[in-house]
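# Survey of secondary and tertiary structure
Spelled out from the first residue to the last, the chains are:
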Amino acid sequence: MMRFLRRQGWVAGLLALLFFLFVVTKLIQPGYGSGDFGSLARAVLPYAFAVAAQTVVVIAGGIDLSVAAMMALTSVTAASMMNGASEEYAYFVVPFVLAMGLALGALNGLLIVVTRVPDIVVTLATLFVLQGAALLVLEAPGGAAAEWLKASIVGTMPIPGLPDWAQAWVPKALVLLAVCLGIVWIPLRRSRLGLSIYAIGSDELAAFRSGVPVARTRIVAYALSGLFAALGGLSLTISTGIGAPIPGPYLLASVAAVVLGGVALGGGKGGLLGPIIAVFVLRLVRTDLTLLAIDPNVTAIIEGAIMVAVVMFGAFITIRGRPAGATP
Amino acid sequence: MTSTATMPQPASFGRRLKRFMADRPLIPLIILLVILVLILQVLRPGIVNERWIANTAKFAIPLAILAGCQTMTMLTSGIDLSVGTVATMSAFIMATQIVNQDPTVAFILAMLPAVLIGLVNGIGVGVFRVHPLIMTLGTSLIGTGFLQVYQRTVIASGARIPDFLNWLGTGLTYGFPNALFLFVPVAVLIVFTLNRTGFGRLLYAVGDNERAARLSGVRYWQVITALYVISSLLAGITGLLYIGLIKAPSLSLAEPLVLPSVAAAVIGGTSIFGGRGGYTGTIVGALILTVLTTLLTILHMPEGGRRILFGFIVLFVTAAYLRIIEDR
């Protein structure tokens, strides 16, 4: 009960912080409206998927350093496949890229289970490999995205029965995000598999002794991470219209948002909602900095410093929570 | 248990080989290096001559120093991914400040960000217990941001490579690259520090069993902070050397050296989990990677393929070393 309250309390606190930031934004820029919210949702999209990818693995007690590289690879794959192809072809490209993410993620998990090398080293190695593969697919930023895909995140969602002013605040990108994450996450959370993921993150040995198939669960967790990363890569291609082989700053951002979202880096605790709200918080801070007319490069410094500070804070909390002198 | 007691002699060839690899990692490494050079000679008869050797040494030296940073941090089960950014910052600041400043002042200015980043890394890892990978990734993002801001302020004044760095980076003395004047003392210092000083032993102790080290009175955060500052300083010096070699200051100058530096240390037999390894193996590892790069260039392997290969090397070697340890 206490744990439930504490976790919901954390999410509620984040929501309050997000609301506070919206008020600040409104104060800085009185004209901030639904259109700007729509572009915020679009900007959040790849970050949110990266964070979802990281969250699943962190809950399972691991870490995935290859998230950003996976996004780069799936993004360039989608962009180069859709380049010059017909609109209908994209109906094939999307499931193909998602399946690729799923398979590569599963490969990550498989390598960890089979080689017994710690996750951090394996995903570091796959980070190199996926980065290289992305460069092989597309040497320089390029490619294209289908128009209907691009249209799928621009504008607002028509919801019958909702007044126009309220509809303006429901950007398609946000709906897309909620649907994609919800379809995977909600059934998972309620299933045996979801419970197993929490179990191996909380205490691997105890989970093993209670009959949880640890190896299989771990592979599934990484496969899901790959799937979310592929969604992130697709959203990158869709929102920019091209694919770029150089991974963006999504790794650090994903870890920072996971920590800020109340998911313990040790595993077994937290949910998906917190990290997603945390991503909105981090992006909105960036928006505010931009609105204050701060040099974009300085914004990058401040953003990086905030993320590092958040991660430091999270690590500090983790060591406080452990018995003194215990090794991480 | 019983098998070792009753019949000691029929150890399989694989097992003997493993034992041999574990006890003397240098010998198989040197054999591998010779094989690579032979392959090169077969593919391009006559390529291996004095000039080629000097050239290989010239390119291997910056890599070997950066791999030294990785070796030392890996001994404490850390890693320093900010070396690329630090080297780039030092090189870029040196090349731009030398235009208007006294060389000594320019040198101090160039080393300042290295010390600062090292300090932040050390405090983050040592005091707040952030995972070194995440921490150094974060500081390198922040560093790159600062560099971009800095670049704007010096666009007007231009850049120049100091003659001394030119001499150090590309010059030859009796057929030997001048970079050896820097490298030999640095290498001797690192080897001496690791093998013969208290600080070196502390690094091994912390990496081997952190808890035991703490309980025997090692001030963990002081050791780690000193280590990351030293690592950053070495990276800064490498940057100065590298700018003399490459002669084109850019914002991503030393970035391509980061992944190979990790790979070189891993190949050289330093365990990424800490407590095992040394610098001599790393030097051979750096030579192997440089020769391998030449080989791959001759075979027209693109940059992407090279990264994939490096990724697999890191994974394979780590898994292999893990098996060797488990065997004992």
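As the structure is a computational prediction, the values presented were derived from the model and not from experiment.

In terms of regular secondary structure, chain A is built from 14 helices and zero strands. Secondary structure of chain A in N-to-C order comes out as α-α-α-α-α-α-α-α-α-α-α-α-α-α. The C-alpha radius of gyration computed for chain A amounts to 20 Å, which stays within 12% of the reference 20 Å derived for 328 residues, consistent with globular compactness. Overall size of chain A, expressed as C-alpha extent along the three principal axes, is 55 × 45 × 45 Å. Here chain A holds 328 residues, and the buried ones make up 52% of them. When contacts within chain A are restricted to residue pairs at least 6 apart in sequence, long-range pairs at least 24 apart make up 78% of them. Surface accessibility of chain A: about 13,900 Å² in total, with carbon and sulfur atoms responsible for 70%. Positive and negative charge centroids in chain A, built from 19 and 13 side chains respectively, lie 16 Å apart.

The interface of chain B with chain A comprises 42 residues on the first partner and 39 residues on the second. When chain B packs against chain A, close to 3,600 Å² is buried across both sides, 81% of that on carbon and sulfur atoms. Counting the surface chain B buries against chain A, the share from its top three residues, F128(B), I134(B) and L315(B), is 16%. Applying the counting rule to chain B against chain A returns one salt bridge. A salt bridge links R152(B) to D295(A); the nearest nitrogen and oxygen atoms lie 2.9 Å apart. Along the contact surface separating chain B from chain A lie two residue pairs in polar contact (both at pLDDT 80 or more). Counting residues per element, the ones that place at least two in the side of chain B that touches chain A are α7 (132-153), α11 (210-215), α13 (258-267) and α15 (303-327) of chain B. Split by residue class, the side of chain B that touches chain A holds 24 nonpolar, 10 polar and eight charged.

Here the focus is the pattern of salt bridges. This model, assessed by the stated rule, comprises nine salt bridges over all chains. R218(A) serves as the salt-bridge partner of E204(A), at 3.4 Å between the closest nitrogen and oxygen. Placement of E204(A) in helix α10 (residues 204-209) and of R218(A) in helix α11 (residues 214-240) is noted, with a sequence separation of 14 residues between them. By relative accessible area, E204(A) is classed as partly exposed at 38%. Between E210(B) and R129(B) there is a salt bridge, with its nearest N and O atoms 2.7 Å apart. Of this pair, E210(B) sits in helix α11 while R129(B) sits in the loop between α6 (103-126) and α7, and the two are 81 residues apart along the sequence. What makes E210(B) buried here is its relative accessible area of 13%. When its relative accessible area of 17% is taken as the criterion, R129(B) is described as buried. A cluster of three or more residues bridged by salt bridges with shared partners is formed by R283(A), R286(A) and E303(A).

So, about helix α3 (residues 26-43) of chain B. Residues and elements named next belong to chain B. Between its first and last C-alpha atoms α3 spans 26 Å; for 18 residues at 1.5 Å apiece the expected length is 26 Å, and the two agree. All buried positions along α3 are accounted for by P28, L29, L33, L36 and L40. Seen along its axis, α3 keeps its buried residues to an arc of 145°; they face one direction. Seen from the buried face of α3, the exposed residues on the opposite side, beyond 90 degrees, are L38 and V42.

Further remarks concern the side chain of T55(A). Residues and elements named next belong to chain A. By the secondary structure assignment, T55 is in helix α2 (residues 34-59). The buried category is assigned to T55, whose relative accessible area is 0%. A distance of 2.6 Å separates the side chain of T55 from the backbone oxygen of V51, its partner in a polar contact. Aside from chain neighbours lying at most four places away, what touches T55 is V258, V263, G271, L272 and P275.

Turning our eyes to something else, we now look at the packing of aromatic side chains. As enumerated under the stated definition, the model contains nine aromatic pairs over all chains in all. On the basis of an interplanar angle of 80° and a centroid distance of 6.2 Å, the ring pair of F92(B) and Y150(B) is categorised as edge-to-face. In this pair, F92(B) is assigned in helix α5 (residues 83-97) and Y150(B) in helix α7, connecting sequence segments 58 residues apart. With a relative accessible area of 18%, Y150(B) lands in the buried category. Residues F164(B) and W167(B) carry aromatic rings whose centres are separated by 5.9 Å and whose planes lie at 25° to one another, so their mutual orientation is stacked. Of the two residues, F164(B) and W167(B) are both situated in helix α8 (residues 163-170); the distance of three residues between them amounts to about one turn of the helix. Note on F164(B): relative accessible area 54%, which makes it exposed. W167(B) gets classed as partly exposed once you look at its relative accessible area, which sits at 40%. Across from the ring centre of Y47(A), 3.8 Å away, lies the NZ or CZ of R283(A), which sits over that ring.

Across the interface, helix α12 (residues 250-260) of chain A lies against α7(B) with an axial gap of 10 Å and an inter-helix angle of 120°. Regarding the angle of α12(A) to α7(B), the classification is oblique. The two elements α12(A) and α7(B) meet at a crossing, and its hand is left-handed. Taken together, the residues of α7(B) that come into contact with α12(A) (itself represented by L251(A), L252(A) and V255(A)) are I134(B), L137(B), G138(B) and L141(B). A per-class count over the contact of α12(A) with α7(B) returns six nonpolar, one polar and no charged.

Let us look at the packing of helix α3 (residues 67-82) of chain A against helix α5 (residues 119-137) of chain A. Residues and elements named next belong to chain A. Where α3 contacts α5, the axes come no closer than 8 Å and their chain directions differ by 20°. Comparing their axes, α5 and α3 come out roughly parallel. Seen along the crossing, α3 lies across α5 with a hand that is left-handed. Residues A69, M70, A72, L73, V76, T77 and S80 of α3 form the contact with α5, whose own contacting residues are L127, L130, Q131, A133, A134 and V137. Residues belonging to the contact of α3 with α5 are distributed by class as follows: 10 nonpolar, three polar and no charged.

Turning to the confidence of the model for chain B, a few remarks are in order. Across chain B, pLDDT averages 85, with 93% of residues at or above 70. Taken together, the stretch residues 1-7 of chain B has pLDDT below 50 and engages in zero contacts with residues farther than four places along the chain or on a different chain.

What counts, and at which threshold
Residues take numbers from 1 onward in each chain, read along the sequence in its written order. Chains and ligands are labelled by the order in which they are written, letters from A for the one and numbers from 1 for the other. With pLDDT at 70 or above as the cut-off, local features in this predicted model cover only qualifying residues; side-chain atom pairs require 80 or more to be listed or tallied, and sums for whole chains, interfaces and linings still use all residues. With hydrogens and water set aside, each side-chain value is computed from the structure's full complement of heavy atoms. Put simply, DSSP H or I for four residues or longer makes a helix, DSSP E for two residues or longer makes a strand, and each gets a number counted from the N terminus. It is over C-alpha atoms that the radius of gyration is taken, and the globule rule equals 2.2 Å times the number of residues to the power 0.38. Each residue is placed in one exposure class: buried if its accessible area under a 1.4 Å probe, protein chains only, is under 20% of its type's maximum, exposed if it is over 50%, and partly exposed if it falls in between. Contacts: residue pairs with any heavy atoms within 4.5 Å of one another. Accessible surface area values rest on a Shrake-Rupley calculation with a 1.4 Å probe, where residue burial reflects the displayed protein chains alone. When charges are counted, Lys and Arg are positive and Asp and Glu negative, with His and the chain ends excluded. Charge positions are represented by NZ for Lys, CZ for Arg, CG for Asp and CD for Glu. The quantity reported as buried area is the accessible area (1.4 Å probe) lost by two parts once they are put together, taken as the sum for both. By definition here, a salt bridge exists when the distance from a side-chain nitrogen of Lys or Arg to a carboxyl oxygen of Asp or Glu is within 4 Å. By the criterion applied in these results, polar contacts are pairs of N or O atoms within 3.5 Å in which, for protein atoms, one can donate a hydrogen and the other can accept it, and in which residues neighboring in sequence qualify only through two side-chain atoms. For this scheme, ten residues count as nonpolar: Ala, Val, Leu, Ile, Met, Phe, Trp, Tyr, Cys and Pro. Four count as charged, namely Asp, Glu, Lys and Arg, and the remainder, Gly too, count as polar. Multiplying 1.5 Å by the residue count of a helix minus one yields the expected span of that helix. By definition, the arc is the one covered by directions from the helix axis to the C-beta atoms. Two rings belonging to Phe, Tyr or Trp (six-membered ring only in the last case) form a pair when the distance between their centres is within 6.5 Å. Interplanar angles under 30 degrees mark stacking, angles over 60 mark edge-to-face geometry, and anything in between is tilted. Note on geometry: a ring has a charge over it if NZ (lysine) or CZ (arginine) is within 6 Å of the ring centre and within 35 degrees of the ring normal. The axes used here are C-alpha line fits, helices contributing only the stretch in contact, and every angle between their N-to-C directions lies in the interval 0 to 180 degrees. We call two directions roughly parallel when the angle between them is under 35 degrees, roughly antiparallel when it is over 145, roughly perpendicular when it lies between 65 and 115, and oblique otherwise. In this scheme the handedness of a crossing depends on how the near helix is turned from the far one: anticlockwise by less than a right angle means left-handed, clockwise means right-handed. Known as pLDDT, the predictor's confidence for each residue is given on a scale from 0 to 100.

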